[in-house]
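# Structural features, examined
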Amino acid sequence: MKWVIVALYLGAVVYIHLRGKVRMRFLRQLFDHSSVLAPINAFMYLFSRVPALPYIPNESLPALRALDDNWQVIREEALRLREAQRIRAAQKNDDAGFNSFFKSGWKRFYLKWYDAQHPSAAEWCPRTVQILRGIPQVKAAMFTELPPGAKLNPHRDPFAGSLRYHLGLETPNDDRCFIEVDGQRYSWRDGQSVVFDETYVHWALNGTDQDRVILFCDVERPLRYRWAEAFNAWFGRHAMSAASSPNEEGDKTGLINKLFGIAFVVGRYRRRLKAWNRTVYKIVKFVLIVGVIALIIWW
């Protein structure tokens, strides 16, 4: 039974790796965070009601029209928030999911994150929060800012229980400011939206001298059966809520990000070892990974 479980898990990782035209190196994929949830993601793909495409037709998610129709209202609150310098990187080491993005200058302000509470969102963006409350399919939402020259490197998001929605609020309206999903590019435009599957390899670049501000949402993936949707909702409520990150004091910090603060401190020593001797660093990393896998197999 143990080997069956290991085989199924590795099979799910291989399936995730082969999905799409653009792929990571297999060793990177094997130890990427998207592989942690590979069996759950394979379940989501199996029962998905939307086509297996990098970009999903907006008509597949009609509830999102309320966001499209109110884009100017949402834009007004986002720009006021930016002027107040509230769209920003995490103030502490408490946003594991987007920590690597902050190095590029990427910023965010959470409006909603599954069942976690963000009182700051209701205080600063009451109309946008009210609109989002009327769309239960939206599980997470934030304003994000990509400054001039910033690049987000190729990656897969870890959870296939959602789809990604972007609504242009203040963008360069320029093809040099784009996101590329599985090799297909989309350039943001003010008032226009796009839906894509963030578990395909994707990356973004703002190659202009203007800022890019969008509404960024995770929308529950439509599944074929109610029991599958119930599982997706349960998993999001219990697992994804643990990844909540605060905008400011008073907002909830999930368990994952509390632990990430500790891991970040440990990471300082890891980075020192890497800077001292990359060969030794790689050997230590390989030994630790093999050790963990051996413990899992022989437990």
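Data block above holds the structure.
The rules behind each value
Residues numbered from 1 in each chain as written. Predicted model: local features only at pLDDT ≥ 70, side-chain atom pairs only at ≥ 80, totals over all residues. Heavy atoms only, no water. Helix = DSSP H or I, 4+ residues; strand = E, 2+ residues; numbered from the N terminus. Buried < 20%, exposed > 50% of the residue type's maximum accessible area, 1.4 Å probe, protein only. Contact = heavy atoms within 4.5 Å. Areas by Shrake-Rupley, 256 points an atom, 1.4 Å probe, with all protein chains shown as cover. Core = buried A, V, L, I, M, F, W, Y, C linked by side-chain atoms within 4.5 Å. Expected span 1.5 Å × (residues − 1). Salt bridge = Lys/Arg side-chain N within 4 Å of Asp/Glu carboxyl O. Pairing = 2+ DSSP bridges. Axes fitted to C-alpha atoms, helices over the stretch in contact; angles between N-to-C directions.

## Side note on the overall build of the chain
Counting its secondary structure elements, the chain contains 12 helices and 10 strands. Evaluated residue by residue, the chain yields a buried proportion of 46% over its 299 residues. Put simply, 75% of the contacts in the chain that link residues at least 6 apart link residues at least 24 apart. As displayed, the chain has an accessible area near 15700 Å², and 59% of this comes from carbon and sulfur atoms.

## Overview of unusual backbone geometry
Excluding glycine, residues mostly have negative phi values, and the peptide bonds linking residues are mostly trans. Look at Gln 85: it is not a glycine, yet its phi comes out positive at around 60 degrees. Mapped onto the elements of the fold, Gln 85 is located in the loop between α6 (71-83) and α7 (99-102). One non-glycine residue, Asp 182, lies in positive phi territory at about 50 degrees. By the element assignment, Asp 182 lies in the loop between β6 (177-181) and β7 (184-187). By relative accessible area, which is 7% here, Asp 182 ends up buried.

## A few points about the nonpolar core
One finds Phe 98, Trp 106, Trp 113, Phe 159 and Ile 179 to be the most contacted residues of the largest nonpolar core, which totals 41 residues. Here this core takes five residues from helix α4 (residues 38-46), the largest share from any one element. Ile 87, Ala 141, Val 195 and Val 213 belong to the second largest nonpolar core, which has 29 residues in total.

## Some remarks on α6
If you check α6, its first and last C-alpha atoms are 18 Å apart, about what 13 residues at 1.5 Å a residue would give, namely 18 Å. Taken residue by residue, α6 has Ile 74, Glu 77, Ala 78, Leu 79 and Leu 81 as its buried positions. Two residues or fewer past α6, Gln 85 is found with a positive phi of approximately 60 degrees.

## Overview of the pattern of salt bridges
Evaluated as defined, the whole model comprises 17 salt bridges. Salt-bridge contacts for Glu 198 lead to Arg 164; the nearest nitrogen and oxygen are separated by 3.6 Å. Remark: Arg 164 occurs in strand β5 (residues 162-170) and Glu 198 occurs in the loop between β8 (193-196) and β9 (202-206); sequence separation between them is 34 residues. Across this residue pair, the class does not change: Glu 198 and Arg 164 are buried. Here Glu 180 ties to Arg 185 by a salt bridge, and the two come within 2.7 Å at their closest N and O atoms. Using a relative accessible area of 54% as the deciding quantity, one classes Arg 185 as exposed.

## Remarks on the sheet that holds strand β2 (residues 107-113)
If you walk across this open sheet you meet the six strands as β1-β8-β5-β10-β3-β2, and the pairing is antiparallel. Looking at strand neighbours, the two that pair on one side only are β1 (55-56) and β2, the edges of this open sheet. Bridge analysis of strand β3 (residues 138-146) against strand β10 (residues 212-220) gives eight bridges, and the strand direction is antiparallel. Residue Val 138 lies in a different strand from β10, and its bridge partner there is Val 219. Packed on one face of the sheet, α6 meets β2, β3, β5 and β10 and runs near 75 degrees to β5. Sheet strands in contact with helix α9 (residues 126-133) are β2, β3 and β10, and its direction is about 45 degrees off that of β2.

All quantities given are derived from atomic positions and should not be read as evidence of function.
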